[in-house]
Amino acid sequence: AGTHTVSYKITSDNGCFVEGTTDVTVEAPIVFELAKVDAICEGESVELKVDGAVTGTLAENDAYQWYKGSEKIEGAISPSYELQNATVTATADYTLTVSGKKCKSVSKTVSVVVKELPDADLTSEPICKGSSVAPKVPGNWISGWNYGWINEPAWETLSVGVHKQKYTVTAPNGCSAEGEMDVTV
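Residues numbered from 1 in each chain as written. Predicted model: local features only at pLDDT ≥ 70, side-chain atom pairs only at ≥ 80, totals over all residues. Heavy atoms only, no water.

This next bit is on the sheet that holds strand β6 (residues 71-72). On the basis of which strands lie adjacent, the open sheet formed by four strands has the order β6-β5-β8-β9 and antiparallel pairing. Taken across any chain shown, the strands that pair with only one partner, and hence form the sheet edges, are β6 and β9 (106-112). As paired strands, strand β8 (residues 92-98) and β9 are joined by seven bridges and run antiparallel to one another. Bridge pairing links valine 98 to valine 106 in β9. (Pairing = 2+ DSSP bridges. Helix = DSSP H or I, 4+ residues; strand = E, 2+ residues; numbered from the N terminus.)

Right, dumping it as structure tokens:
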């Protein structure tokens, strides 16, 4: 890369020639890598970005462009792109294309996996004072899901009435969702 002076000699078929020198500018090729990303759960965010620096001679305008699959992501024209509040439909290969000033563009791809949250609304039958709650799981309950109470109360001390109780449901994929149910004593 850089500017170099090159000497030349051009000879015709009849033996005449021309000699001279000229400056030739060699553009540095584009070199970069993308940072790896871990799978995320629905609702989380992930930043896709260059790992380290981009080297080479970049185009003067619009040197960066992100794609989801083969679809151009409008406005995603920097070395990083953040997927915010991701849904499972964001699961895809994302490609960053970096354009050189005169050299060819270079593209690198990173895979993003967005795992589904458990979608389970727990309910409770009315309980007698002094009893504990055995939540009813909905019809969409999947084997391997687990629930746990957030700030579990001392059930036997609850007064007669309706109490809100928060819980967490965790799926085998490691994703968790919170919910709240009414407990009638």
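Still to come is the rest of the account.
Turning next to the side chain of threonine 97. Turning to its location among the elements, threonine 97 is positioned in strand β8. Polar contacts involving the side chain of threonine 97 include one to the side chain of serine 107, which spans 2.7 Å. Non-local contacts of threonine 97, meaning those with residues more than four positions away in its chain, are made with Ala63, Tyr64, Gln65, Tyr67, Ser105, Val106 and Ser107. (Polar contact = N/O pair within 3.5 Å; in protein donor to acceptor, adjacent residues only side chain to side chain. Contact = heavy atoms within 4.5 Å.)

Moving on, we come to the nonpolar core. The biggest cluster of nonpolar side chains holds 25 residues, and the ones touching the most others in it are Phe32, Leu48, Trp66, Tyr94, Leu96 and Val112. Only β4 (46-49), β5 (64-68), β8 and β9 provide two or more residues apiece to this core. The element best represented in this core is β8, accounting for four residues. Every residue in contact with phenylalanine 32, bar those within four places of it in the chain, is listed here: Val50, Ala53, Val54, Leu96, Val98, Val106, Ser107 and Lys108. Trp145, Trp149, Leu158 and Ala171 belong to the second largest nonpolar core, which has 14 residues in total. (Core = buried A, V, L, I, M, F, W, Y, C linked by side-chain atoms within 4.5 Å. Buried < 20%, exposed > 50% of the residue type's maximum accessible area, 1.4 Å probe, protein only.)

Moving on, we come to the pairing of β4. Within a regular strand, side chains alternate between the sheet's two faces. Judged by which residues are buried, β4 turns out to be one-sided: Val46 and Leu48 face inward and are buried, whereas Glu47 and Lys49, on the alternate face, are not. Relative to strand β7 (residues 80-83), β4 runs antiparallel, the two sharing four bridges. Each residue of the ladder has a partner; that of valine 46, found in β7, is leucine 83.

All told, the structure shown has three salt bridges when counted by the stated rule. The salt bridge involving glutamate 125 is made with lysine 136; its shortest N-O contact spans 2.9 Å. Separated by 11 residues along the polypeptide, glutamate 125 in the loop between β10 (114-115) and β11 (146-149) and lysine 136 in the loop between β10 and β11 bring together distant segments of the chain. Residue glutamate 125 is classed as partly exposed on the basis of its relative accessible area, which comes to 46%. Taking relative accessible area as the criterion, lysine 136 reaches 40% and is therefore assigned partly exposed. (Salt bridge = Lys/Arg side-chain N within 4 Å of Asp/Glu carboxyl O.)

Backbone geometry follows two general trends: most residues other than glycine have a negative phi, and most peptide bonds adopt the trans configuration. Notably, asparagine 85 is not glycine yet its phi reads approximately 45°, a positive angle. Here the phi dihedral of asparagine 151 falls at roughly 55°; this positive angle occurs in a residue that is not glycine. Locating asparagine 151 in the fold gives a position in the loop between β11 and β12 (162-170). Among the residues examined, asparagine 151 registers a relative accessible area of 71% and is labelled exposed.

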